[in-house]
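Structural overview for review
So the chains spell out like this:
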Amino acid sequence: MAGHFLGAILLLAPFALVFCFKNRLRGFLYVLASVLALHLFVGLVTQAFHVFFYEVVFAVHAVFAIGTAVVLFRKRKTVSFGRKLEWSAVLAFFIIVFELWSVHFSYTGTISTIRGERFVQNTSYQYPYFSDEWVGISFIDYSIEHAALPAANPLIDGPDGEKTPNVFIPFFSMVSEMFLLLAALPLSGYVFASIAAGFIVCLLIYIFLRANRVGELPSVAATLSVPFILNGSNLPGIWYLLPFVGGLVFFLIGLISGSIR
């Protein structure tokens, strides 16, 4: 538990720099993009040189957390933590988090099983639903156990698995680095990571709408509709942590950056 707590602090610490920007929206985008780039860089480099260990990753982010504290101290006279909240948006994101959470921890509705569809009530399933997520977990486990890039297919025994190309190495390298920093088990933590990813996508969509001067209530209504985009076996939505979700986050960051005036 202590490892989870310390990892979360180091993960979130750089976001305090947002309060150093006069334009909070621009600052949030800068910090978010920089944090993601940092995790990607640390993951790729440490795995490539086979030094992908908890102590190394923890030390790197500890240095950046200390640097964040130093910057905040030097700018303490200009840092402002005041911000007017859009309460309808706050309520909307509580609803979105509940929706994403309830699918795994308090689900009532129809599910598909090997024996066909059936109705369940208040069911908890703390593991991924989408088959590709299980593959992702195997890649993350491989990187953490072997301190190496997820360039092999751990689901295939023997040399054939090592010859399997993986075009999603950057994504799984970054995600495995975050799991290692948080001292979290990929199997039990993947669901929480998928909830966080879905939340970030919805948040960026809301920011994109507001940056383009869409009204608060229309932006809230549009954002609340995002989780209801239909999922399919070949077309997953934002409910899962998959490479396309990671790409969507960077895509939305780019869109918002071009919309800020």
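Each remark here, short or long, concerns the structure printed above.
The paragraphs below set out a description of the structure included in this document.

Procedures and definitions
- Position numbers for residues start from 1 in each chain and track the written sequence from start to end.
- The predicted nature of this model means local features are confined to residues of pLDDT at least 70 and side-chain atom pairs, given and counted, to a pLDDT of 80 or more, with totals for whole chains, interfaces and linings taken over all residues.
- Values reported for side chains reflect all heavy atoms of the structure, with hydrogen atoms and water molecules removed beforehand.
- In this analysis, strands are considered paired if DSSP registers two or more bridges between them.
- Where helices and strands are cited, they refer to DSSP runs of H or I of at least four residues and of E of at least two residues respectively, numbered from the N terminus.
- The rule for a salt bridge is simple: a side-chain nitrogen of Lys or Arg has to be within 4 Å of a carboxyl oxygen of Asp or Glu.
- Under the scheme applied here, a residue whose accessible area is under 20% of the maximum for its type counts as buried, over 50% as exposed, and between as partly exposed, the area being computed with a 1.4 Å probe on protein chains only.
- Every axis in this analysis is a line fitted to C-alpha atoms, fitted for helices over the stretch in contact. Angles between the N-to-C directions lie between 0 and 180 degrees.
- Note that the term roughly parallel is reserved for angles under 35 degrees, roughly antiparallel for angles over 145, roughly perpendicular for angles of 65 to 115, and oblique for everything else.
- Crossing handedness is defined as follows: a turn of the near helix away from the far one that is anticlockwise and smaller than a right angle gives a left-handed crossing, while the clockwise case is right-handed.
- Should any heavy atoms of two residues lie within 4.5 Å, those residues are counted as being in contact.
- Pairing of aromatic side chains requires ring centres within 6.5 Å, counting the rings of Phe and Tyr and the six-membered ring of Trp. Pairs whose planes differ by under 30 degrees are stacked, by over 60 edge-to-face, and all others tilted.
- Polar contact is defined as a pair of N or O atoms within 3.5 Å, subject to the rule that within protein one atom must be able to donate a hydrogen and the other to accept it, and that residues adjacent in sequence are counted only when both atoms are side-chain atoms.
- Amino acids are sorted into nonpolar (Ala, Val, Leu, Ile, Met, Phe, Trp, Tyr, Cys and Pro), charged (Asp, Glu, Lys and Arg) and polar (every other residue, Gly among them).

Digging into the pairing of strand β1 (residues 107–113)
In terms of strand pairing, β1 meets strand β2 (residues 116–123) through six bridges, oriented antiparallel. Of the residues in β2, the one forming a bridge with T110 is F119.

Considerations on the pattern of salt bridges
This model, assessed by the stated rule, comprises one salt bridge. Close ionic contact of R210 with E86 constitutes a salt bridge, the shortest N to O distance being 2.8 Å. Placement of R210 in helix α8 (residues 186–211) and of E86 in the loop between α3 (54–74) and α4 (87–105) is noted, with a sequence separation of 124 residues between them. Taking the relative accessible area as the measure of exposure, E86 reaches 26% and is therefore partly exposed.

Focus on the packing of helix α5 (residues 131–146) against α8
When two helices pack together, you describe them by how their axes are tilted relative to each other and by the distance separating the axes. One way to put it is that α5 packs onto α8 with a least axis distance of 10 Å and a crossing angle of 120 degrees. By the criterion of interaxial angle, the relationship of α5 to α8 is oblique. Here the hand of the crossing between α5 and α8 comes out right-handed. Residues E133, W134, G136, I137, I140, D141 and I144 of α5 touch α8, and the partners they reach there are P186, L187, Y190 and S194.

Re the packing of aromatic side chains
The tally for this structure, following the rule as stated, stands at 15 aromatic pairs. Taking the centre distance of 5.6 Å and the plane angle of 35 degrees together, the rings of Y54 and F58 count as tilted. Residue Y54 and its partner F58 are located together in helix α3, separated by four residues, close to a single helical turn. For Y54, a relative accessible area of 26% corresponds to the partly exposed category.

Describing the side chain of T223
Summarising the element assignment, T223 is placed in helix α9 (residues 216–225). A distance of 2.7 Å separates the side chain of T223 from the backbone oxygen of S219, its partner in a polar contact. In contact with T223, not counting residues within four places along its chain, are F93, I96, C202, I205, Y206 and L209.

Looking at the packing of helix α2 (residues 24–48) against helix α10 (residues 243–257)
In contact at an axis separation of 11 Å, α2 and α10 are set at 150 degrees when each is read in the N-to-C sense. Judged by the angle between their axes, α2 and α10 are roughly antiparallel. Taken as a pair, α2 and α10 cross one another with a handedness that is left-handed. Along its contact with α2, which presents L29, L32, A33 and L36, the element α10 presents V249, F250, I253, I256 and S257. A class-by-class count of the residues in the contact of α2 with α10 yields eight nonpolar, one polar and no charged.

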